[in-house]
Amino acid sequence: MSIRTICCIGAGYVGGPTMAVIADRCPGIQVTVVDLNQARIDAWNDPDLSKLPVYEPGLDAVVGRCRGRNLHFSTAVEPAIAAADMVFLSVNTPTKTKGVGAGQASDLRWIEASARQVAACAQGHTIVVEKSTLPVRTAETVQAILSAAQGDGASGSSPKTFAVLSNPEFLAEGTAIPDLEQPDRVLIGGDDPAAIEALAGVYGQWVPSDRILRTNLWSSELSKLTANAFLAQRISSINSIAALCEATGADVQEVAHAIGADSRIGGKFLKAGPGFGGSCFQKDILNLVYLCGHYGLHEVAAYWQSVVDLNGWQQHRIARLVVQRLFGTVTGKRIAVLGFAFKADTNDTREAPAIRICQDLLEEGAQLAIHDPKVSEAQIAADLGENLGDGWQRVATPVQAAEGADALLILTEWHDYVELDWRALAAVMRKPSWLFDARNIANAAQARAAGLQVWSVGCG
Ligand code: UDX
Ligand code: UDX
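Cut-off values and rules
- Numbering of residues starts from 1 in every chain and runs along the sequence as written.
- Throughout, the order in which chains and ligands are written sets their labels, letters from A for the former and numbers from 1 for the latter.
- Note on the predicted model: pLDDT of at least 70 is required for a residue's local features to be given, and 80 or more for side-chain atom pairs to be given and counted; whole-chain, interface and lining totals, by contrast, use all residues.
- Based on all heavy atoms of the structure, the side-chain values leave hydrogens and waters out of the count.
- A run of DSSP states H or I qualifies as a helix once it reaches four residues; a run of E qualifies as a strand once it reaches two. Both are numbered from the N-terminal end.
- For the radius of gyration, the atom set is restricted to C-alpha positions; the globular benchmark scales as 2.2 Å times the number of residues to the power 0.38.
- For every residue, the accessible area (1.4 Å probe, protein chains only) is compared with the maximum for its type, and the residue is labelled buried under 20%, exposed over 50%, or partly exposed between those bounds.
- Here, two residues are considered to be in contact whenever any of their heavy atoms come within 4.5 Å of each other.
- When charges are counted, Lys and Arg contribute as positive and Asp and Glu as negative, whereas His and the chain ends are disregarded.
- For charged residues, the charge sits on one atom: NZ in Lys, CZ in Arg, CG in Asp, CD in Glu.
- The rule for a residue being near a molecule or strand is that one of its heavy atoms must lie within 4 Å of it.
- Side-chain atoms alone can form a polar contact between residues adjacent in sequence; in general such a contact is a pair of N or O atoms within 3.5 Å, and within protein one must be able to donate a hydrogen while the other accepts it.
- Note that accessible areas follow from Shrake-Rupley with a 1.4 Å probe, and for residues the cover is restricted to the protein chains shown.
- Ten residues, namely Ala, Val, Leu, Ile, Met, Phe, Trp, Tyr, Cys and Pro, are considered nonpolar, four, namely Asp, Glu, Lys and Arg, are considered charged, and the remaining ones, Gly among them, are considered polar.
- By definition, no residue in a patch forms a salt bridge, and every one has over 30% relative accessible area; like charges are joined within 9 Å, nonpolar side chains (Val, Leu, Ile, Met, Phe, Trp, Tyr) within 5 Å.
- Between Lys or Arg on one side and Asp or Glu on the other, a salt bridge is scored when a side-chain nitrogen of the former is within 4 Å of a carboxyl oxygen of the latter.
- Only the contacting stretch of a helix is used when fitting its axis, a line to C-alpha atoms as for every element, and angles between N-to-C directions run 0 to 180 degrees.
- For this classification, under 35 degrees means roughly parallel, over 145 means roughly antiparallel, 65 to 115 means roughly perpendicular, and everything else is oblique.
- Less than a right angle of anticlockwise turn of the near helix away from the far helix marks a crossing as left-handed, whereas a clockwise turn marks it as right-handed.
- Note on aromatic pairs: the rings of Phe, Tyr and Trp (six-membered ring only in Trp) are paired at centre separations within 6.5 Å, and the planes decide the class, stacked below 30 degrees, edge-to-face beyond 60, tilted for the rest.
- For a Lys NZ or an Arg CZ to count as sitting over a ring, it must be within 6 Å of the ring centre and within 35 degrees of the ring normal.
- Strands are labelled as partners when DSSP assigns at least two bridges between them.
- Clockwise travel from the first strand over the helix to the second, with the strands pointing away from the viewer, marks a crossover as right-handed.

Student: Looking at this structure, how should I read the overall build of the chain?
Tutor: When its secondary structure is counted, the chain shows 17 helices and 14 strands. In terms of overall dimensions, the chain is globule-like: its C-alpha atoms have a radius of gyration of 24 Å, near the 23 Å expected for 460 residues. Taken over the C-alpha atoms alone, the chain extends approximately 80 × 50 × 45 Å along its principal axes. Considering the chain as a whole, with its 460 residues, one finds that 53% of them fall into the buried category. Taking contacts inside the chain between residues at least 6 apart in sequence as the whole, the part at least 24 apart equals 74%. The centroid of the 38 positive side-chain charges in the chain is displaced by 2 Å from the centroid of its 49 negative side-chain charges.

Here you go:
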């Protein structure tokens, strides 16, 4: 079966960029991205491409090429499902906050709602593709909902039939467009060969065939959780060694370089920092922990839980260390926080290390001047929460942040912070002044030459 129309439910960080690249690379396919959120859809349709709701380098150009041609954004969910040969589910699946599995299991209410909507509105044969990261065996739920509707059909039309596939997303925010255009691999899980080949045929329009992997449904779902767990584990591992480097006088960048040169280890994902953030790592590991607990594998659950625990520890450690160096108190002191996004080149702040670190400092009574090139004041306010009050403000430039500050704390590796003018910053800070570089990106020698005392993560 060759696919001519695609509908994607969920116009978020995953659905939006993924569908934009499919539309760009498959001019013969009409792609409609639908979302319940009218404001989000309006932003995707904004004539000013700098106003897209997701900031990703290169995304504006792709959307500019395809929008209105074979890429459409709409809140009209039902007709888009009815017209589709293939429906991607790309809705959010946050960690449950209450009920069974609270704090670990994913909340599947939106997946279920979307599956029910597909069951109700689809016509003829429809391939349903799980794009959201999901607990293993979720496809079963989706399948059960769709099976109940199978065979129905308006009089005169062909009966409804469905196939369910798992096609996890491996894009990283900030590099979503190159990750989608040249993926290391595309993973398709399922047990219906015709459906698998139909989806492989879509990706095959730009991805070399040896990079399209086919597995059973559960292997595909579990591979996504495992990939993220392994990546996050490398970060917790290097952050644990960073603390030891600081205690012993070693340099974590030298250690990372030395171990990464071993081709069995490899050099990527060995940057020490303020801990991992983002919508996926913590959620996926907690999911894995829940799954292991469910199957009675308590040692396995504890092993992966420790990766999350170390990440939280690293964040609190950095906040504590700032307080200690500033003579044990930050009450009433101004601290310039540079970077709020969970990584550079995105406006996303989900699980950003900056949230926990800023909250700790605010609880200690600090006055924070927060700068981020892409994160809005409203987003920072939502993340820090109301009960921490007015201890912080968002400022427009790093120099404004530094004015009167005792310390400058770099939390996101934005390129702007690599090239800071340390003389200009030192001139407006209160002395003695500190640089705390949790990303190892500032020019520490220049900062020292300008009179600052410097702490860099993992440098003893
Ligand atoms: C989400 C999940 O967090 C991730 O695990 C998964 O891999 C992909 O989907 P993301 O795209 O980053 O990632 O989420 P988000 O930006 O929150 O977008 C989800 C969108 O779905 C939102 O715009 C929301 O309005 C929409 N949605 C949600 C619907 O349109 N219908 C629903 O029923 C629920
Ligand atoms: C991740 C996975 O990389 C991606 O494959 C999956 O589809 C979704 O989850 P993402 O969270 O967007 O992507 O970004 P990623 O680049 O993986 O960074 C995650 C966090 O780890 C960030 O906070 C980043 O700053 C941190 N990180 C990454 C480090 O601290 N050190 C590193 O060496 C690499």
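After that view of the structure, there is still more to cover.
Student: What is the right way to look at the site of ligand 2 in this model?
Tutor: Around ligand 2 sit 19 residues in total, of which Phe 170, Glu 173, Lys 271, Lys 343 and Arg 439 are the nearest. One nitrogen or oxygen atom from the main chain of Gly 277 is found 2.9 Å from an oxygen atom belonging to ligand 2. Protein coverage of the free-state accessible area of ligand 2, which is 660 Å², stands at 91%. For the shell around ligand 2, the element with the highest residue contribution is helix H9 (residues 217-248), accounting for four residues. Of the residues that constitute the shell around ligand 2, the class distribution is 11 nonpolar, two polar and six charged.

Student: Mind showing me how you'd approach a nonpolar patch on the surface here?
Tutor: A contiguous nonpolar surface patch, about 280 Å² in accessible area, is contributed by Tyr 295, Leu 297 and Val 300. With respect to the helices and strands, Leu 297 occurs in the loop between helix H11 (281-294) and helix H12 (298-325). By relative accessible area, which is 43% here, Leu 297 ends up partly exposed.

Student: Honestly, the packing of H11 against H12 in this entry has me stumped. Any pointers?
Tutor: The N-to-C vectors of H11 and H12 enclose an angle of 165 degrees; their axes lie 8 Å apart at closest approach. With respect to H12, the axis of H11 lies roughly antiparallel. The hand of the H11/H12 crossing is left-handed. Residues Gln 282, Ile 285, Leu 286, Leu 288, Val 289, Cys 292 and Gly 293 of H11 form the contact with H12, whose participating residues are His 298, Val 300, Ala 301, Trp 304, Gln 305, Val 307 and Val 308. For the contact of H11 with H12, the per-class residue count stands at 10 nonpolar, four polar and no charged.

Student: Hey, could you run me through the packing of aromatic side chains in this one?
Tutor: The geometry of two aromatic rings is summed up by the distance between their centres and the angle between their planes. Going through the model one piece at a time under the given rule, you end up with eight aromatic pairs. Ring plane angle 10 degrees and centroid distance 5.1 Å describe the contact between Trp 434 and Phe 436, whose orientation is recorded as stacked. Owing to a relative accessible area of 0%, Phe 436 belongs among the buried residues under this scheme. Counting every residue linked through ring pairs, the aromatic cluster contains Phe 230, Tyr 303 and Trp 304. A cation sits over an aromatic face here: Arg 109 above Trp 110, 4.9 Å from the ring centre. We note Lys 224 situated over the ring of Phe 170; from NZ or CZ to the ring centre the distance is 6.0 Å.

Student: Which parts of the structure should I look at to understand the site of ligand 1?
Tutor: Inspection of the region around ligand 1 gives 19 residues, with Val 14, Asp 35, Arg 40, Lys 283 and Arg 350 positioned closest. Contact between ligand 1 and Arg 40: an oxygen atom at 2.6 Å from a side-chain N or O atom of the residue. In the model, an oxygen atom of ligand 1 is placed 2.9 Å from a nitrogen or oxygen of the Thr 133 main chain. Protein burial of ligand 1: of its 690 Å² of free accessible surface, 91% is covered by the chains. Partitioned by chemical class, the residues of the shell around ligand 1 number six nonpolar, eight polar and five charged.

Student: Please explain helix H8 (residues 193-203) as it appears in this structure.
Tutor: In an α-helix, one turn spans 3.6 residues, which is why side chains three or four residues apart end up on the same side. Within the sequence span of H8, burial applies to Ala 195, Ile 196, Ala 198, Leu 199, Ala 200, Val 202 and Tyr 203. Contact partners of the buried residues in H8: helix H1 (15-25), strand E4 (86-89), strand E5 (125-130), strand E6 (161-166), strand E7 (186-189) and strand E8 (212-215). Where H8 begins, the capping side chain belongs to Asp 192, and its oxygen is found 3.0 Å from the backbone nitrogen of Ala 194.

Student: What's the story with the environment of Phe 88 in this structure? I'm lost.
Tutor: Examined against the element boundaries, Phe 88 turns out to sit in strand E4. Counting along the chain gives 146 residues from Phe 88 to Arg 234, while the straight-line C-alpha distance between them is 31 Å. In this structure, Phe 88 is in contact with Ile 6, Cys 7, Cys 8, Ile 9, Met 19, Ile 22, Val 129, Lys 131, Asn 167, Leu 199 and Tyr 203, ignoring residues within four places of it in sequence.

Student: What is the right way to look at unusual backbone geometry in this model?
Tutor: Comment: phi is negative for the bulk of residues other than glycine, and the bulk of peptide bonds are trans. Pro 432 follows Lys 431 through a cis peptide bond whose omega is -5 degrees. Among the structural elements, Pro 432 can be located in the loop between helix H16 (422-428) and strand E13 (434-437).

Student: Explain the pairing of strand E1 (residues 5-9) to me, please; I cannot follow it from the model alone.
Tutor: In regular strands, side chains alternate between the two faces of the sheet. Among the five residues that make up E1, four are buried, leaving the element largely enclosed by the rest of the structure. Of the pairings in the sheet, the one linking E1 to strand E2 (residues 30-34) comprises five bridges and is parallel in character. Counted as the bridge partner of Thr 5 is Gln 30 from E2. For the handedness criterion, the β-α-β arrangement of E1, H1 and E2 is classed as right-handed.

Student: Sorry, what's going on with the pairing of E4 here?
Tutor: Going residue by residue along E4, you find Met 86 and Phe 88 tucked away on one face and Val 87 and Leu 89 tucked away on the opposite face as well. Note that E1 and E4 share four bridges and pair parallel. Looking at the pairing, Ile 6 lines up with Met 86 of E4. Both E4 and E5 contribute to a ladder of four bridges, which runs parallel. Of the residues in E5, the one forming a bridge with Met 86 is Ile 127.

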